[in-house]
Amino acid sequence: MTADAHTDPLHRYTPLQASDEPYAEDVLAGLRADAAQIIAKYPQKRSALLPMLHLIQSVDGYVTGRGVDLCAEMLDLTRAEVSGVATFYTQYKRHPNGEYTVGVCTNTLCAIMGGDQIFDEVSEHLGIGHDETTPDGKITLERVECNAACDFAPVVMANWEFFDNQTPETTKKMVDDLRSGVPVAPTRGASRVCSFKQVSRMLAGFEDGLADEGVGAGHASLEGLRLAKEQGWTAPAADASTDGEAEETTRDAEPETGEAHSSARASGTDTPSGTDKEKDA
Ligand code: FES
């Protein structure tokens, strides 16, 4: 299916090799210099693949064919090995991504708190479905399986910045503001939402100075701590004698020579079989 850039959402089946034309000389020189910095952080250069893929996205906006080639060449990997990693993680995009990735959590908790409704209404509002991008290239919409902020459900993320306790209306306003260039501030963390390419560069290891900006753990996340302090609750101290008992139990659970015994039972993770029950009796 060929997408009309003016009227249709960009489609997710754009091939990985969609951008195989060579990099401009200065762009390639910059990429190689940045990649060398990343590679120098690791004892084995193949370990640099994840940040390298973010670096490619910071320039191309997704993992292009030419980006795969560059990673393979610089890390002594095959194209298949690079593609295997790029297709495994959802943060790596196989097609041109929007300037802002808007991820609506539709995992169980958020879904029942309104996440499904938010996704449906925003999808209709933008005229795109999951993993599709608006024709202006601004917003890529995604369903996300837990944004790791369940205590603020329903949660939406824009380029991995938190938007807590959302409604269909607040999220539609957020995407409208992002599309029209109005500065948008997340609920917590950084004071503004950066572009996909800017965030990709930060994920490649090049600090933007915003990582520690603003509040990380919000009110709902700290409620248990507040309650514990108020009630004087503390975690039980480590008990050395209990540790000794655990060791003894483990030794007791070792099978005698020639005795049938499941390893699951010895570790206390399974119910004894009928034969073992009889022996225990
Ligand atoms: S279920 Fe939505 S953030 Fe965890």
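Before any of the text, the structure's been laid out above.
Parameters and conventions
- Residues numbered from 1 in each chain as written.
- Predicted model: local features only at pLDDT ≥ 70, side-chain atom pairs only at ≥ 80, totals over all residues.
- Helix = DSSP H or I, 4+ residues; strand = E, 2+ residues; numbered from the N terminus.
- Buried ≥ 20, exposed ≤ 12 C-beta atoms within 10 Å, placed from the backbone.
- Contact = placed C-beta atoms within 7 Å.
- Pairing = 2+ DSSP bridges.
- Core = buried A, V, L, I, M, F, W, Y, C linked by C-beta atoms within 7 Å.

Q: Got a minute to help me understand the overall build of the protein chain in this structure?
A: A count of helical and extended segments in the protein chain gives 11 helices and 5 strands. Within the span of the protein chain, comprising 281 residues, buried residues form 30% of the whole. Long-range contacts, defined as pairs at least 24 residues apart, comprise 63% of the intrachain contacts of the protein chain with a sequence gap of at least 6.

Q: Got a minute to help me understand the pairing of strand β3 (residues 139–144) in this structure?
A: A regular strand places its side chains so that they alternate between the two faces of the sheet. Within β3, 5 of the 6 residues are buried, leaving the element largely enclosed by the surrounding structure. Across 6 bridges, strand β1 (residues 100–105) lies against β3 in parallel orientation. Bridge pairing links Thr101 to Thr140 in β3. Linking strand β2 (residues 132–133) back to β3 in an antiparallel pair, the connection comprises 5 residues, with Gly137 at a positive phi of about 75 degrees.

Q: Please clarify how helix α7 (residues 196–203) should be interpreted in this entry.
A: Along an α-helix, residues three or four apart share an orientation, since each turn contains 3.6 residues. Taken as a whole, α7 has its buried residues at Phe196, Val199, Ser200 and Arg201. Where α7 ends, the next residue or the one after it, Gly205, has phi of about 110 degrees, a positive value.

Q: Even after reading the chapter, I still don't get the nonpolar core, so can you show me in this structure?
A: Soluble globular proteins: nonpolar side chains tend toward being buried together. In this structure, Val102, Val104, Val155, Val156 and Ala158 are the most contacted members of the largest nonpolar core, which totals 28 residues. Among the secondary structure elements, those contributing two or more residues to this core are β1, α5 (108–126), β3, β4 (156–158), β5 (161–163), α6 (168–180) and α7. Here this core takes 5 residues from α5, the largest share from any one element. When near neighbours in sequence (up to four residues on either side) are disregarded, Val156 contacts Val102, Gly103, Val104, Cys105, Ile118, Phe163, Gln166 and Thr171. Counting residues in hydrophobic clusters, the runner-up holds 20 residues, among them Leu31, Leu53, Leu55 and Val59.

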